[in-house]
Amino acid sequence: MRTLSKSSLTLLILTILAGLLTQPGNNSSAANNSAAEPNPLLATWQGPFGGVPPFDKVKVEYFKPALESAMAENLTEIDKIAKDPAPPTFDNTIVAMEKTGQTLDRVSTIYGVWSSTMSTPDFQGVQREMAPKLAAFSDQITQNELLFKRLETVYNSPDKKKLTPEQQRLVWLYYTNFVRSGAKLDAKAKARLTEINQQLAGLFTKFSNNVLFEEDNEFIALKSEDELKGLPQSVRDAEAASAVVKKQPGTWVVMNTRSSVEPFLTYSDRRDLREKVWRMFIMRGDNGDEHDNNSTITEILQLRAERAKLLGYPTHAHWRLENAMAKTPGRAMELMMQVWKPAVARVHEEVGDMQALADKEGAGIKIEPWDYRYYMEKVRKAKYDLDQNEVKPYLQLDKLREAIHWVAGELFNFKFTPAPNVPVAHPDIKVWQVTDKTTGKLIGLWFFDPYARAGKRSGAWMNAYRSQERVNGEITTIVSNNANFVKGKPGEPLLISWDDATTMFHEFGHALHGLNSNVTYPSLSGTSVARDYVEFPSQLMEHWLSTPEVLQKFAVHYQTGKPIPRDLVDKIERSKTFNQGFATVEYLAAAILDMKLHLLGDKKIDARTFEKEALAELGMPHEIVLRHRLPQFLHVFSSDGYSAGYYSYLWADVITADAFGAFSEAGGPYDKKVAERLRKEIFSVGNTLDPADAYRNFRGRDPRVEALMKKRGFSS
Ligand SMILES: [Zn+2]
């Protein structure tokens, strides 16, 4: 559930791009673009809504020449600023920088969409070639000495005080980002830094390739009714659809992805097959073959440690967190350990309940990791009389889409109208225009790409195609939400799970963070905020799914059209803290390992040994496995993005739980005054001020951890 946010600080984009997931392929030749034919990726965006991305004109062969030409153009622009004979000022240096790189922004946006949703072997060849080049390009800007001198002069100038707070924040951001990227190093250190960044870009690509290869190429085909025992019809249908994709006629296929594995583990009565499927999934990237990621992890960690030292930080974690809301690894660790103990205590209770149920059934087993989801579901039924399959007929994808639009209308006064003529990358993608309900003013565009397909990475995420800003004119935002639902039968509504519905609200929260943006400078726009703060608006939006207003209007039965019964809603409400031990521990253990790994400095790490020892030291419950084992931990090893940063989800959830209290304490989730404060102080301000200050402006105080403990049902 990541955001890919775009900002005109090219370095930021490129760090993200370099890490976008890729798949292996062997065609590295990019076809020549004929000189006569203009490359459509380089053109300014034409058409309505302030111009729209030319998704209908993309050919893989356009990417390499477009990226190269756009990088060259950007370097020329930067050079002009660096060599400006006029003394450096905010306008001729910082604002000038904000106006550069527009072509590269446009090309990178489409390149990013292709790498995450339209990937092919041809495209992967381009990616392998371009990843190190993009990394080097980024260093070329941050290592430009003349440019940095100008930034430093503006940063240290007494005139800085005359700037607006937003402008001062922008100056600080530029200066800090440059320093953190090595602008103050000597020539030798800079050269080494560039080498490291290019090597890392290559290793990130390799790491992702390996995981994707095993997700794509490993699967388990079920061949008989006996092997399907316990699976509900919706799961069987999805597996039959997967069998078509995998060309396994007459079978039902469990793919090696989370969305395929988890339903199987939840419902299959066949314990032997549960174990087999579980092992396939948790061993991704760890099979001792050519796609094994263990040695790649060792190399990445060594290079990160060396880079941190070069830049003057004790470890990679210290370097990463300096600019985050947590500021130090110690503060992040402290929060994680505070939650860890009560979460583990809860797991022991959960396992106790499951073991008792298994004993009562005479199963004659001891709960193992491949039993957890299965017995958890049985306990849910026994304890709360709640069957997830009873809820599903009320959760239609199309209705939930209407629901999120309706919530956005209530909270932010937005109206969503289909925009059918906007070009898309694939016919499954639909576009809506967003306007202000009262004034009719255009807010932006929302793309929705809901279905899984070959070449699209798994999971769900938000992406900003264009950031709101006012430096280059009145620019409206373009955002997208992406998911991986397996397409239903034609003409039948697609039913989704409660978890998937929650994820829809989550990702839409990121989209609303982008759509509400009301700032001047593109680098400070929308979701371009600290990593451990960006999940706050999205996690907050999850709360609106279970509001009675949404359930009554939109959770309607796909056959009868009747709203979800009150007693079912009550059961959902009562079971809210159910299974929070499992959910917290599988996530938190991964977050703690991520932080510990990046606090080790240049000690040479064997990933398998480290994982085993660190989990033993933590007292990891035997019945749970890491949500992401190290050899498949894409958050941490497919880019620097969430490295020493997986704790962010917990950090942001402390803020989220505390923030929702503002609604509960007032008139409820649709309280107009609190919603207006939320828009004004949180959703519209982007990175124009310190997130801790923004939160205080909204809540009148700092966040407290108690609300999180209560939300998860832990005693603190
Ligand atoms: Zn998210």
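Residues numbered from 1 in each chain as written. Predicted model: local features only at pLDDT ≥ 70, side-chain atom pairs only at ≥ 80, totals over all residues. Heavy atoms only, no water.

**Re the overall build of the protein chain**
In plain terms, the rule: Only DSSP runs of H or I reaching four residues or more are called helices, and only runs of E reaching two or more are called strands; each is numbered from the N terminus. In this treatment the radius of gyration is a C-alpha quantity, and the globule benchmark scales as 2.2 Å times the residue count to the 0.38 power. Exposed residues in this analysis have more than 50% of their type's maximum accessible area, buried residues have under 20%, and partly exposed residues fall in between, with area computed by a 1.4 Å probe over protein chains only. A contact between two residues is defined here by any heavy atoms of the two lying within 4.5 Å. For accessible areas, the Shrake-Rupley method is used with a probe of radius 1.4 Å. Any residue's cover is judged against the shown protein chains and nothing else. Just so you know, the count uses Lys and Arg for positive and Asp and Glu for negative, and it drops His and the chain ends. Where a charge sits is defined by one atom per residue type, namely NZ (Lys), CZ (Arg), CG (Asp) or CD (Glu).
Within the protein chain, the regular secondary structure consists of 28 helices and eight strands. For 716 residues, the compact-globule estimate of 2.2 N^0.38 gives 27 Å, and the protein chain sits close to it at 25 Å. Over its C-alpha atoms, taken along the principal directions, the protein chain stretches across nearly 85 × 60 × 55 Å. Burial analysis of the protein chain (716 residues in total) assigns 61% to the buried set. For the protein chain, long-range pairs separated by at least 24 residues make up 76% of all intrachain contacts whose partners lie at least 6 apart in sequence. For the protein chain, the exposed surface amounts to about 28100 Å²; the carbon and sulfur share of it is 53%. Distance between charge centres in the protein chain, computed from 90 positive and 90 negative side chains, equals 2 Å.

**Considerations on empty space enclosed by the protein**
Counted only if it meets this: Each cavity reported here is a set of points on a 1 Å grid over the protein atoms alone in which a 1.4 Å probe fits but cannot get out, each pocket an open set with protein on both sides within 12 Å along at least five of seven lines, and each lining residue one with an atom within 4 Å of a point. Grid points are joined across faces, edges and corners, and a volume is the space filled by probe spheres set on the points. Under the scheme applied, nonpolar residues are Ala, Val, Leu, Ile, Met, Phe, Trp, Tyr, Cys and Pro; charged residues are Asp, Glu, Lys and Arg; polar residues are all the others, including Gly.
Going through the model one piece at a time under the given rule, you end up with nine cavities of 30 Å³ or more. Approximately 220 Å³ is the volume attributed to the largest cavity. Together, 19 residues line the largest cavity, and Leu265, Trp278, Arg373, Glu586 and Val625 are the ones closest to its centre. Elements with a minimum of two residues in the lining of the largest cavity: α10 (258-267), α11 (271-282), α15 (372-384) and α22 (580-597). Among the elements that make up the lining of the largest cavity, the one with the highest residue count is α10 (four residues). Classifying every residue of the lining of the largest cavity gives twelve nonpolar, one polar and six charged.

**Let's talk about the pairing of strand β7 (residues 461-466)**
Every other side chain in a regular strand lies on the same face of the sheet, so the side chains alternate between the two faces. Rules: We treat two strands as partners when DSSP finds at least two bridges between them.
Of all six residues that make up β7, six are buried, and the element is covered over most of its length. Across five bridges, the pairing between β7 and strand β8 (residues 477-485) is antiparallel. Counted as the bridge partner of Ala464 is Val479 from β8.

**Observations regarding the packing of aromatic side chains**
This is how it is decided: Between rings of Phe, Tyr and Trp, where Trp is taken as its six-membered ring, a pair exists when centres lie within 6.5 Å; planes separated by under 30 degrees are stacked, by over 60 edge-to-face, and by other angles tilted. In our convention, an over-ring charge means Lys NZ or Arg CZ found within 6 Å of a ring centre and within 35 degrees of that ring's normal.
Taken as a whole and judged by the stated rule, the model has 37 aromatic pairs. Between Tyr587 and Tyr646 the ring centres are 5.0 Å apart and the planes differ by 50°, which places this aromatic pair in the tilted class. Placement of the pair is Tyr587 in helix α22 and Tyr646 in the loop between α24 (634-637) and α25 (648-665), with a sequence separation of 59 residues. As far as burial versus exposure is concerned, Tyr587 and Tyr646 are alike and both buried. Among the aromatic residues, those joined into a cluster by ring pairs are Phe55, Phe63, Tyr111, Trp114, Phe123, Phe447 and Tyr465. Cation over ring: Arg457 sits above Trp461, and NZ or CZ is 4.0 Å from the ring centre.

**A short note on unusual backbone geometry**
Note on backbone geometry: most residues besides glycine have negative phi, and most peptide bonds are trans. Even without being glycine, Asn413 reaches a positive phi, approximately 65°. Judged by its relative accessible area of 24%, Asn413 falls in the partly exposed class. Phi is positive for Ala644, which is not a glycine, with a value near 50°. By secondary structure assignment, the location of Ala644 is in the loop between α24 and α25. According to the relative accessible area criterion, Ala644 is buried, its value standing at 1%.

**Quick word on the pattern of salt bridges**
The line we're drawing: Here, a salt bridge means any Lys or Arg side-chain nitrogen found within 4 Å of an Asp or Glu carboxyl oxygen.
For the structure on display, the rule yields 51 salt bridges. When the shortest N-O distance is used, the salt bridge between Lys133 and Glu68 registers 3.1 Å. Of this pair, Lys133 sits in helix α5 (residues 121-142) while Glu68 is found in helix α2 (residues 60-82), placing the two residues 65 residues apart along the sequence. On the basis of relative accessibility, which here comes to 34%, the residue Lys133 falls in the partly exposed class. On the basis of relative accessible area, Glu68 is assigned to the partly exposed category, the value being 32%. Between Asp658 and Arg701 there is a salt bridge, with the nearest N and O atoms lying 3.1 Å from each other. Residue Asp658 is located in helix α25, and its partner Arg701 is located in the loop between α27 (691-699) and α28 (706-711); the two are separated by 43 residues in the primary sequence.

**Looking at the side chain of Asn144**
The line we're drawing: We call two N or O atoms a polar contact when they sit within 3.5 Å, provided that within protein one can donate a hydrogen and the other can accept it, with sequence-adjacent residues counted only if both atoms are side-chain atoms.
Mapped onto the elements, Asn144 comes out in the loop between α5 and α6 (145-156). A distance of 3.2 Å separates a polar side-chain atom of Asn144 from the backbone nitrogen of Leu146. Beyond its immediate sequence surroundings of up to four residues, Asn144 is in contact with Ile78 and Ala82.

**Points about helix α23 (residues 607-618)**
Every α-helix winds through 3.6 residues per turn, so residues three or four apart in the chain are directed the same way. Selection criterion: To estimate the expected span of a helix, subtract one from its residue number and multiply by 1.5 Å. In this description, the arc belongs to the directions extending from the helix axis to the C-beta atoms.
For α23, spanning twelve residues, the distance from its first C-alpha to its last is 16 Å, which sits close to the expected 16 Å at 1.5 Å a residue. Looking at α23, one finds that the buried residues are Ala607, Phe610, Glu611, Ala614, Leu615 and Leu618. With its buried residues spanning 120° around the axis, α23 presents them on a single face. Across α23 from its buried face, at more than 90 degrees, point the exposed residues Lys612, Glu613, Ala616 and Glu617. For α23, the secondary structure elements touched by its buried residues are α12 (294-310), α14 (329-360) and α22. Where α23 terminates, the next one or two residues include Gly619, which has phi positive at roughly 80°.

**Quick look at α10**
Burial of α10 is extensive: seven of the ten residues sit out of reach of the surface. When α10 is considered as a whole, its buried residues turn out to be Ser260, Val261, Glu262, Phe264, Leu265, Thr266 and Tyr267. Those residues of α10 that are buried lie in contact with β2 (219-222), α9 (233-245), β3 (252-255), α11, α15 and α16 (388-391).

**Looking at the packing of helix α3 (residues 90-98) against α6**
When two helices pack together, their arrangement is given by the angle between the helix axes and by the axis-to-axis distance. Our working definition: Angles shown run from 0 to 180 degrees and are taken between the N-to-C directions of axes, each axis being a line fitted to C-alpha atoms and, for helices, limited to the stretch in contact. Each crossing is labelled by how the near helix is turned from the far one, with a counterclockwise turn of less than a right angle marking it left-handed and a clockwise turn marking it right-handed.
Across the interface, α3 lies against α6 with an axial gap of 10 Å and an inter-helix angle of 115°. Crossing geometry of α3 relative to α6 is assigned as left-handed. Contact with α3, carried on its side by Phe90, Asn92, Thr93, Ile94 and Met97, involves Leu147, Arg150, Leu151 and Val154 of α6 and no other residues of that element. Taken together, the residues that form the contact of α3 with α6 break down as six nonpolar, two polar and one charged.

**Focus: the nonpolar core**
Side chains of nonpolar character tend, in soluble globular proteins, to be buried together. Selection rule: We define a nonpolar core as any set of buried Ala, Val, Leu, Ile, Met, Phe, Trp, Tyr and Cys residues linked to one another through side-chain atoms lying within 4.5 Å.
In this structure, Trp446 and Trp544 are the most contacted members of the largest nonpolar core, which totals 144 residues. Looking at which element gives the most residues to this core, the answer is α14, with 13 residues. With residues near it in sequence (within four places) discarded, Trp446 still touches Arg401, Ile404, His405, Phe416, Lys430, Val431, Trp432, Val434, Val479, Asn481, Phe508 and Ala511. If you look at the next biggest cluster of nonpolar residues, it comprises 56 residues, including Phe55, Leu67, Tyr111 and Phe148.

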